Amino acid sequence: MAKLFRAAILGPPGSGKGTISKRIAQSFGLQYVSSGDYLRAGIPANTEAGVQMKTYIERGLSVPDHVVTGLVLPKLEQLSSHSWLLDGFPRTLAQALVLNNLYQLDLVISLNIPYETLKDRLSDRWIHPASGRVYNMSFNPPRVQGKDDITGEPLIQHDDDKPEALMSRLRQYKEVAKPVIDLYKTQGILHSFSGTETNKIWPYINSLLSTKLNRQLSDAHQTP
Ligand SMILES: Nc1nc2c(ncn2[C@@H]2O[C@H](COP(=O)(O)OP(=O)(O)O)[C@@H](O)[C@H]2O)c(=O)[nH]1
Ligand SMILES: Nc1ncnc2c1ncn2[C@@H]1O[C@H](COP(=O)(O)OP(=O)(O)O)[C@@H](O)[C@H]1O
């Protein structure tokens, strides 16, 4: 059996993690595991804890580690025979250490996108709240303006995607992400990509993954 491939993509809100992850999942057949999607889907709306969690998500604040790991790790257990790509997890060092105790990642992609670009993208980001589907009015607009492509339901804009809130979200992201990035750098599995356009970064990520996955496959074939 081919060896399983485990990867994660890191980057600030708006850096294109979701957009790039979907391309990776499609091109390389990895299972896509998004902590944001699981949090949105997994939080019971009608409990006090659920209401509190929703407030974190709506404001773009980090949800407590035990809540996120409690949702993501069981999903990974279900995917024990699959190769996967994590989007948005781990976000904190505590999450990274828990993950590290269970799985050895093969590759971590880190996206470095200038603040001005993030600000422009997020102020133009529209979301279908029930599914987490994301649109951008210039980059990937919905087929009908203001409506989700699949359900036809209205799209909304998050308050925390507005420039005033974004600055503090990004500052918080940077502080929290640094030790996570350092951990993966030390392990020699970190690959960073900088730029302002997803379509220009994508060919480099595509080629990195092709190389890594081919190498992994040929190593697996050589193992007696
Ligand atoms: N203009 C522009 N928008 C982009 C580009 N890449 C992604 N986006 C949009 O920017 C927003 C943030 O991207 P997303 O993948 O949700 O980032 P995430 O928060 O890191 O998961 C979305 O509205 C995307 O459609 C790009 O190269 N140019
Ligand atoms: N690993 C995580 N740790 C803590 N909170 C998280 C994590 N992943 C997602 N969240 C919460 O879910 C929200 C939505 O996540 P996501 O869809 O990845 O959006 P974004 O890329 O804009 O941060 C985040 O703003 C945050 O509140």
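What you see is a predicted model, and the numbers here were worked out from it, not measured in a lab.

Draft legend 1. Highlighting the site of ligand 2. Ligand 2 sits among 19 residues. The nearest are Ser-35, Leu-61, Gly-88, Gln-95 and Arg-125. Take Gln-95: an N or O atom from its side chain is 2.9 Å from a nitrogen atom of ligand 2. Arg-169 is positioned such that a nitrogen or oxygen atom in its side chain is 3.4 Å from an oxygen atom of ligand 2. Computed on the free molecule, ligand 2 has an accessible area of 540 Å², of which 92% lies beneath the protein chains in the complex. For the shell around ligand 2, the elements supplying multiple residues, two or more each, are α2 (35-42) and α3 (48-59). Sort the elements by how many residues they give to the shell around ligand 2 and α2 lands first, with four residues. Considered class by class, the residues forming the shell around ligand 2 number eight nonpolar, six polar and five charged.

Draft legend 2. Here's a closer look at the UniProt feature "binding site: GTP" (unreviewed entry) in the chain. Under the UniProt annotation, "binding site: GTP" (unreviewed entry) lies at Gly-14, Ser-15, Gly-16, Lys-17, Gly-18, Thr-19, Arg-125, Val-134, Tyr-135 and Thr-198. Cross-referencing the annotated residues with the lining of the largest cavity gives Lys-17. Relative to the helices and strands, Gly-18 resides in helix α1 (residues 17-28). Using a relative accessible area of 21% as the deciding quantity, one classes Gly-18 as partly exposed. Not counting chain neighbours up to four residues away, the residues in contact with Gly-18 comprise Tyr-32 and Asp-87. Secondary-structure assignment places Tyr-135 in strand β6 (residues 133-136).

Draft legend 3. Just the packing of aromatic side chains, in detail. Summed over the entire model, instances satisfying the criterion amount to one aromatic pair. Where Trp-84 meets Tyr-103, the ring centres are 5.3 Å apart and the plane angle is 85°; that geometry is what we call edge-to-face. Note that Trp-84 is positioned in strand β3 (residues 84-87) and Tyr-103 in the loop between α5 (93-102) and β4 (107-112), a separation of 19 residues in sequence. On the basis of relative accessible area, Trp-84 is assigned to the buried category, the value being 0%. Looking at Tyr-103, the relative accessible area reads 15%, which means it is buried.

Draft legend 4. Here's a closer look at empty space enclosed by the protein. If you walk through the whole model with that rule in mind, you get two cavities of 30 Å³ or more. Estimated volume of the largest cavity: approximately 100 Å³. Of all the secondary structure elements, the ones that give two or more residues to the lining of the largest cavity are β1 (6-10) and α7 (163-186). The dominant element in the lining of the largest cavity, judged by the number of residues it contributes, is α7, at four residues. Its residues placed into classes, the lining of the largest cavity shows nine nonpolar, two polar and two charged. Of the volumes computed, that of the second largest cavity is approximately 60 Å³. In this structure, the second largest cavity is lined by Pro-13, Gly-60, Ser-62, Arg-91, Arg-169, Gln-172, Tyr-173 and Val-176.

Scoring rules and cut-offs
- Residues numbered from 1 in each chain as written.
- Chains lettered and ligands numbered in written order.
- Predicted model: local features only at pLDDT ≥ 70, side-chain atom pairs only at ≥ 80, totals over all residues.
- Heavy atoms only, no water.
- Near = heavy atom within 4 Å.
- Polar contact = N/O pair within 3.5 Å; in protein donor to acceptor, adjacent residues only side chain to side chain.
- Areas by Shrake-Rupley, 256 points an atom, 1.4 Å probe, with all protein chains shown as cover.
- Helix = DSSP H or I, 4+ residues; strand = E, 2+ residues; numbered from the N terminus.
- Nonpolar A, V, L, I, M, F, W, Y, C, P; charged D, E, K, R; others polar.
- UniProt positions renumbered as here; feature names shortened; annotations may be inferred.
- 1 Å grid on protein atoms, 1.4 Å probe; cavity = no way out; pocket = protein on both sides within 12 Å on 5 of 7 lines; lining within 4 Å.
- Buried < 20%, exposed > 50% of the residue type's maximum accessible area, 1.4 Å probe, protein only.
- Contact = heavy atoms within 4.5 Å.
- Phe/Tyr/Trp six-rings, centres within 6.5 Å; stacked < 30°, edge-to-face > 60°.
- Points joined across faces, edges and corners; volume = space filled by probe spheres on them.

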